[in-house]
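The primary structure of each chain is shown beneath.
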Amino acid sequence: MKVYVNDREVSLVTGMTVKHALISAGLIDEIEKGKKVYDEMGNEIGLGGALIEGVKIFVK
Amino acid sequence: MFQAKRIKHFLIVCFFLLLCACGLISCATQHEIRIIQMNDFHGFAVPYKPYGSDEAQGGLAYLAARVEELRAEKPTLFLAAGDMIQGNNWANLFQGKSSIEAMNAMGFDAMVVGNHEFDFGQAILRERIREANFPVLGANVVGLSELKPYIVKNLDGISIAVIGVVTDDTPVTTHPKNVIGLEFLSVEDTVRKYTKDLKGKSNIVVVLSHLGLSGDTDLAKKIDGIDVIIGGHSHAKVAKPALVSKSVVTQAFEHGKALGILDLTVKNGKIVGTSGCLETIKPTGKENTTVGGIVAKYQQKVDAVMNETVGEALADLDGVHVRLQETNLGNLITDAMRKTAGSDVAIINGGTIRTSIKQGPVKVSDVYAVVPFDNYIVAIKLSGQQIRDTLEHGVSAVEDEEGRFPQVSGLIFTYDRNSPKAARIKEVFVGGQPLVTDKEYTVATNDFLAAGGDGYKAFGDSVKSSKDYAVIGGAMKGEKLVYSDSGRWLRDVVIDHVKTQKTLSPKVEGRIKELK
């Protein structure tokens, strides 16, 4: 499954979540610093949130 | 006699006219009704500080108190959009029984199964459904007769159909054994069928979904006749419900940290107005004492389980030197992983192991302290070269004792820290045979490393090159992925391993040899 974190492509095993996408993109530590994750519609999403093929998420 | 008959006939006619009038008045009158939503609770009953936050959030007893207040204001449906019984220790240690007991006390009207509801297996799920005082829905699941496709509830004279659907990816997001014999039908086809069937039989159609917000949005665009989609799965914090085509779509974050509230104004049997919001739940203010009692009761049981002795260590189990060398505790954990996944090899980063276990009785809390993170086992096919590259990465910062240093099972390797990085690994043997560069091996690891954590790239590269996989004949088949069980934490795998072994005497066997 390919997903995009801040427009960077990462490959994950199907079933992996937002947390894994951030680990893969090297951005998980940003959450500890207070940043949050958002979907394409601007909704905040939790680290356990499910992902689908091609989805774009953003850390900001 | 004749007059008595006429009076009787007149009264019967009056009675039916009254009934019809009541019905007409009910439809013509404006109704204010409410839907309250919770999703992806995952057993987080006790308030907690989420990663990156200093503030405690959630708390099921506080959420329940707010639900009571909201319900008192207008006729209300209280719905759960899946993933309620698995996740946190508070739920997992009781295979979700605690969640259902609390949900019964909270008076849920219905729940849809989420993919994680299958994580304890079908027998347990059946037991949980039997315990529930509310219907559990799953219209697109074939083979589990306890699930209902939909319900129709009457609120203030308005009939509301609630159709439940779960992601058809479920077979690849739980262990295949949990879904043997079940079929997950197309969500779109299922919802289309039931909205058609229910047309004219209810005033409002609600889809209670565990598809994720993207899936809900697609559904709303493709299918006419859905008034509201109450969703879960993507843990989205939808501050204000969105109108997609003619459907109101919403979702209420995760872990009981928010409550979704959707108010509907209904006139002539149709929705003429909607307003909604999310309310953040914090552990302050009013608490529902009944639910608070259930939360506390199971939390005490969690504490009791933590004190249970599961085995005996005949020697100290070393969790201190895992970033520097082979340790007996690293061997024990990777052996358990390799056995569980049925793989050739297991490799984890030493940083997964957080502490040691002293010689003597081993309690559940000891194991939880050693592997405290919510990690699960994943097994992926790697080439011999990728295994070598993985080990090279593992020893590349041994002088700094970084968490990437590997602990292994099923293989033996030698390394020289004085050689240049990426050329430190010397001999590698798998199953007693020299590693073959272009041969594929199955390698168990944890989800953290599989996602590229601690700089491990080979697993991600392998997944990237893999074609999509599918469940065939109840087993997960794929080009590169051979095992993934996100419903069972590594710590619980280790506990089961310790229980089976009873006495623990793992040794340092020379799996990792430093050339000096």
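This report concerns the structure included in the present document. All values reported here derive from a predicted model rather than from experimental measurement. (Residues numbered from 1 in each chain as written. Chains lettered and ligands numbered in written order. Predicted model: local features only at pLDDT ≥ 70, side-chain atom pairs only at ≥ 80, totals over all residues. Heavy atoms only, no water.)

**Focus: the overall build of chain A**
- Along its length, chain A carries 2 helices and 5 strands.
- Secondary structure elements of chain A occur, N-terminal to C-terminal, as β-β-α-α-β-β-β.
- Relative to the 2.2 N^0.38 estimate, which gives 10 Å for 60 residues, the radius of gyration of chain A is 10 Å and therefore close to what a compact globule would have.
- Going through the 60 residues of chain A one by one, you find that 52% of them count as buried.
- Considering only contacts within chain A whose residues lie at least 6 apart along the sequence, 44% involve residues at least 24 apart.
- For chain A, the exposed area adds up to about 2,600 Å²; of that, 47% sits on carbon and sulfur atoms.
- A distance of 2 Å separates the average location of the 8 positive side-chain charges in chain A from that of its 9 negative side-chain charges. (Helix = DSSP H or I, 4+ residues; strand = E, 2+ residues; numbered from the N terminus. Rg over C-alpha atoms; globule rule 2.2 N^0.38 Å. Buried < 20%, exposed > 50% of the residue type's maximum accessible area, 1.4 Å probe, protein only. Contact = heavy atoms within 4.5 Å. Areas by Shrake-Rupley, 256 points an atom, 1.4 Å probe, with all protein chains shown as cover. Lys, Arg positive; Asp, Glu negative; His and termini not counted. Charge placed at Lys NZ, Arg CZ, Asp CG, Glu CD.)

**Observations regarding the interface of chain A and chain B**
- Between chain A and chain B, the residue contacts involve 28 residues of the former and 32 residues of the latter.
- Of the roughly 2,300 Å² buried where chain A meets chain B, counting both sides, 59% is carbon and sulfur surface.
- The residue Asp447(B) makes a salt bridge to Lys19(A) at a minimum N-O spacing of 4.0 Å.
- In this assembly, chain A and chain B are joined by 8 residue pairs in polar contact (both at pLDDT 80 or more).
- Looking at the side of chain A that touches chain B, the elements with two or more residues in it are β2 (8-11), α1 (18-24), α2 (28-32) and β4 (44-45) of chain A.
- Residues that form the side of chain A that touches chain B fall into these classes: 11 nonpolar, 10 polar and 7 charged.
- Both β4(A) and strand β11 (residues 236-237) of chain B contribute to a ladder of 2 bridges, which runs antiparallel. Bridge pairing links Ile45(A) to Ala236(B) in β11(B). (Buried area = accessible area lost by both parts, 1.4 Å probe. Salt bridge = Lys/Arg side-chain N within 4 Å of Asp/Glu carboxyl O. Polar contact = N/O pair within 3.5 Å; in protein donor to acceptor, adjacent residues only side chain to side chain. Nonpolar A, V, L, I, M, F, W, Y, C, P; charged D, E, K, R; others polar. Pairing = 2+ DSSP bridges.)

**Looking at the packing of helix α10 (residues 328-341) of chain B against helix α15 (residues 490-501) of chain B**
All names here are of chain B.
- Running from N to C, α10 and α15 cross one another at 95°; their axes reach a closest spacing of 9 Å. The angle between α10 and α15 falls in the class roughly perpendicular. In this structure, α10 contributes Leu 332, Ile 333, Ala 336, Met 337 and Thr 340 to the contact, and α15 contributes Leu 490, Val 493, Val 494 and His 497. (Axes fitted to C-alpha atoms, helices over the stretch in contact; angles between N-to-C directions. Parallel < 35°, antiparallel > 145°, perpendicular 65-115°, else oblique.)

**Comments concerning a positive patch on the surface**
- A cluster of basic side chains, namely Lys2(A), Arg8(A), Lys457(B) and Lys464(B), defines a positive patch on the protein surface.
- Within the secondary structure, Lys457(B) sits in the loop between α13 (447-450) and α14 (458-465).
- A relative accessible area of 47% means that Lys457(B) is categorised as partly exposed. (Patch = residues over 30% accessible without salt bridge, like charges linked within 9 Å, V, L, I, M, F, W, Y side chains within 5 Å.)

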